[in-house]
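Structure assessment
Residue strings, one per chain:
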Amino acid sequence: MGKIALTGIKPTGILHIGNYFGAIKPALELAADYDARYFIADYHALNTMKDGAELNTRIREVAAGWLAAGLDPERVIFYRQSDVPETFELATMLMCFASKGLLNRAHAYKAVVQANGEKGADPDAGINMGLFTYPVLMAADILLFDTDIVPVGQDQTQHVEMAADIAGALNFNYKRELLKVPQASVRENVAVVPGLDGRKMSKSYGNVIPLFCTEKELRKLCMKVVTNSQGIDEPKNPDESQIFLLYTLFATPEERAALAARYRAGGMGWGEAKEELFRAANRELSPLRERYNAIMADIPALEKILKEGAAKARAVSSQTMARLRTASGIAL
Ligand code: ADP
Ligand code: TRP
């Protein structure tokens with residue numbers, strides 16, 4: 001068996017190009033060299049998504065998104081987290097090896113506590129146990145499948161380190177490597193995709209370019225990317241331009257060099273730079289959009305793919321749990 005790469009995406013909002021370049025595309029490239037296990041983290045999403053109809057739609061969209069982006073379910077084990085109940089059993093077991101102090105240090109949790117403090121609110125305001133134990137559920141996702149590497153964006157590396165810590169604590173206790181210790185894998189050049197306003201592209205900032213919008217909307221959004229106030233004639237620094245940064249994601253190295261030279265020469269206004277961005281983005285995204293629309297038009301076929309993936313996933317996860325039940329003394 002080859003080395004194992006595993007990652008999940010939370011269906012909490014519309015997929016955007018930050019998710020595509022930061023998570024989906026690198027994961028699909030890795031799938032050429034690794035035994036890949038990719039899934040939809042629907043229980044992680046439940047933490048913030050309390051509208052059933054909306055969560056259901058988002059799950060379908062993320063599943064269709066992976067497939068439209070090129071995931072081959074014959075080669076990659078592709079499933080929904082909730083279809084693998086061993087995840088929840090392992091999460092419960094890991095709770096007993098994860099110190100509260102470790103979870104207190106999780107960035108996402110700490111950020112809410114800090115914001116509460118700044119508002120003079122109770123430190124626990126708005127914090128449910130799903131948020132506090134989020135890293136443990138994520139550790140279960142990862143450790144269940146003997147994962148070697150976890151392709152994620154920079155913001156998720158702390159969670160992978162926590163999964164490694166928790167695996168270490170369990171292995172230390174039972175004095176053998178019952179759980180493989182995973183590592184995060186971040187692609188440096190796409191670590192943070194900027195959004196329309198120049199901050200990290202994120203659905204929570206409302207600054208996203210959706211992965212599957214119409215051509216017309218894509219163009220409209222490309223026109224909205226922030227610029228400075230330099231006039232047409234002024235030479236521009238491509239390295240300081242959000243438009244150029246986004247363009248580099250879609251362009252070939254030759255196209256990048258050619259457009260950078262035009263920025264530096266002056267004579268190209270921001271409108272034209274945005275037009276170039278739209279052309280490059282649309283070229284890459286059009287075929288994905290077509291596949292996505294076809295998949296979304298046949299939900300039973302999508303369900304079938306996910307169920308078949310879950311069966312393959314459970315063939316692995318049930319073995320991990322059997323090993324842990326024996327080692328922990330839970331199994332008779
Ligand atoms: P959002 O920030 O929109 O809520 P998620 O947190 O659901 O996105 O991220 C899903 C995956 O996409 C994660 O692996 C995350 O690291 C990656 N990701 C999200 N936004 C970006 C971005 N702007 N640049 C690079 N990767 C990103
Ligand atoms: N927490 C990840 C995110 O917000 C999603 C996720 C859940 C995940 N379980 C995972 C990523 C396991 C990698 C491995 O994007």
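Data block above holds the structure.
This report concerns the structure included in the present document. What you see is a predicted model, and the numbers here were worked out from it, not measured in a lab.

1. Quick notes on the site of ligand 1
- Ligand 1 sits among 15 residues. The nearest are His16, Asp155, Val193, Met201 and Lys203.
- Side-chain polar atom of His16 to an oxygen atom of ligand 1: 2.7 Å apart, as the coordinates give it.
- Taking Gly153, its main chain carries an N or O atom lying 3.2 Å from an oxygen atom of ligand 1.
- Across the complex, the protein chains shield 93% of the 530 Å² of accessible surface that ligand 1 would expose by itself.
- Of the residues in the shell around ligand 1, the class split is six nonpolar, six polar and three charged.

2. A short note on the packing of helix α11 (residues 242–250) against helix α12 (residues 253–265)
- Contact pair α11 / α12: the axes reach a minimum separation of 10 Å and the direction vectors enclose 165 degrees. As summarised for this structure, α11 and α12 are arranged roughly antiparallel, according to the angle between their axes. When you trace α11 past α12, the crossing you get is right-handed. Contacts between α11 and α12 involve Ile243, Phe244, Tyr247 and Thr248 from the former and Glu255, Arg256, Leu259, Ala260 and Tyr263 from the latter.
- Per-class residue counts for the contact of α11 with α12 are six nonpolar, one polar and two charged.

3. Topic: the side chain of Arg80
- Here Arg80 is to be found in strand β3 (residues 77–80).
- Within polar-contact distance, the side chain of Arg80 engages the side chain of Glu303 at 3.3 Å.
- Apart from residues lying up to four places away in sequence, Arg80 is in contact with Ile40, Asp42, Ile59, Glu303, Leu306 and Lys307.

4. Things to note about the nonpolar core
- In terms of nonpolar packing, the biggest core is built from 65 residues, with Ile17, Tyr38, Trp66 and Phe250 touching the most fellow members.
- When near neighbours in sequence (up to four residues on either side) are disregarded, Ile17 contacts Gly22, Val193, Met201, Ile209, Pro210, Leu211, Leu246, Phe250 and Leu285.
- Phe39, Leu131, Leu144 and Leu178 belong to the second-largest nonpolar core, a separate cluster that totals 44 residues.

5. Quick word on the pattern of salt bridges
- This structure, assessed with the given rule, holds 20 salt bridges.
- A salt bridge links Lys25 to Glu284, with the nearest nitrogen and oxygen atoms 2.9 Å apart. Highlighted residues: Lys25 in helix α1 (residues 17–30) and Glu284 in helix α13 (residues 270–296), separated in sequence by 259 residues.
- Residue class for Lys25 comes out partly exposed when judged on its relative accessible area of 22%.

6. A word on the site of ligand 2
- As a matter of local geometry, ligand 2 sits amid 14 residues, with Lys10, Tyr134, Met138, Asp141 and Gln156 nearest to it.
- Within the side chain of Tyr134, one N or O atom sits 2.6 Å away from a nitrogen atom of ligand 2.
- Between a nitrogen atom of ligand 2 and a side-chain N or O atom of Gln156, the distance comes to 2.9 Å.
- Surface burial for ligand 2 is 91%, taken as the share of its 370 Å² of free accessible area covered by protein chains.
- Among the secondary structure elements, those contributing two or more residues to the shell around ligand 2 are β1 (4–9) and α8 (134–143).
- Class assignment of the residues belonging to the shell around ligand 2 gives a composition of eight nonpolar, four polar and two charged.

7. Focus: the pairing of β3
- The alternating pattern of β3 places Ile77 and Tyr79 and Phe78 and Arg80 on opposite faces, both of which are buried.
- Here strand β2 (residues 35–40) runs beside β3; their pairing, made up of four bridges, is parallel. Among the inter-strand pairings, Tyr38 is bridged to a residue of β3, identified as Phe78.

8. A closer look at helix α10 (residues 215–222)
- Considered for burial, the residues of α10 that qualify are Leu218, Leu221 and Cys222. Down the axis of α10, the buried set is contained in an arc of 100 degrees. They therefore lie on one face. Exposed residues lying more than 90 degrees from the buried face of α10 are Lys216 and Lys220.

9. A few points about the side chain of Ser202
- Here Ser202 is to be found in the loop between β5 (183–185) and α10.
- Ignoring sequence-local partners within four residues, the contact set of Ser202 consists of His16, Asn207 and Val208.

Rules and cut-offs
Residues numbered from 1 in each chain as written. Chains lettered and ligands numbered in written order. Predicted model: local features only at pLDDT ≥ 70, side-chain atom pairs only at ≥ 80, totals over all residues. Heavy atoms only, no water. Near = heavy atom within 4 Å. Polar contact = N/O pair within 3.5 Å; in protein donor to acceptor, adjacent residues only side chain to side chain. Areas by Shrake-Rupley, 256 points an atom, 1.4 Å probe, with all protein chains shown as cover. Nonpolar A, V, L, I, M, F, W, Y, C, P; charged D, E, K, R; others polar. Axes fitted to C-alpha atoms, helices over the stretch in contact; angles between N-to-C directions. Helix = DSSP H or I, 4+ residues; strand = E, 2+ residues; numbered from the N terminus. Parallel < 35°, antiparallel > 145°, perpendicular 65-115°, else oblique. Left-handed = near helix turned anticlockwise from the far one by under 90°. Contact = heavy atoms within 4.5 Å. Core = buried A, V, L, I, M, F, W, Y, C linked by side-chain atoms within 4.5 Å. Buried < 20%, exposed > 50% of the residue type's maximum accessible area, 1.4 Å probe, protein only. Salt bridge = Lys/Arg side-chain N within 4 Å of Asp/Glu carboxyl O. Pairing = 2+ DSSP bridges. Arc of directions from axis to C-beta.

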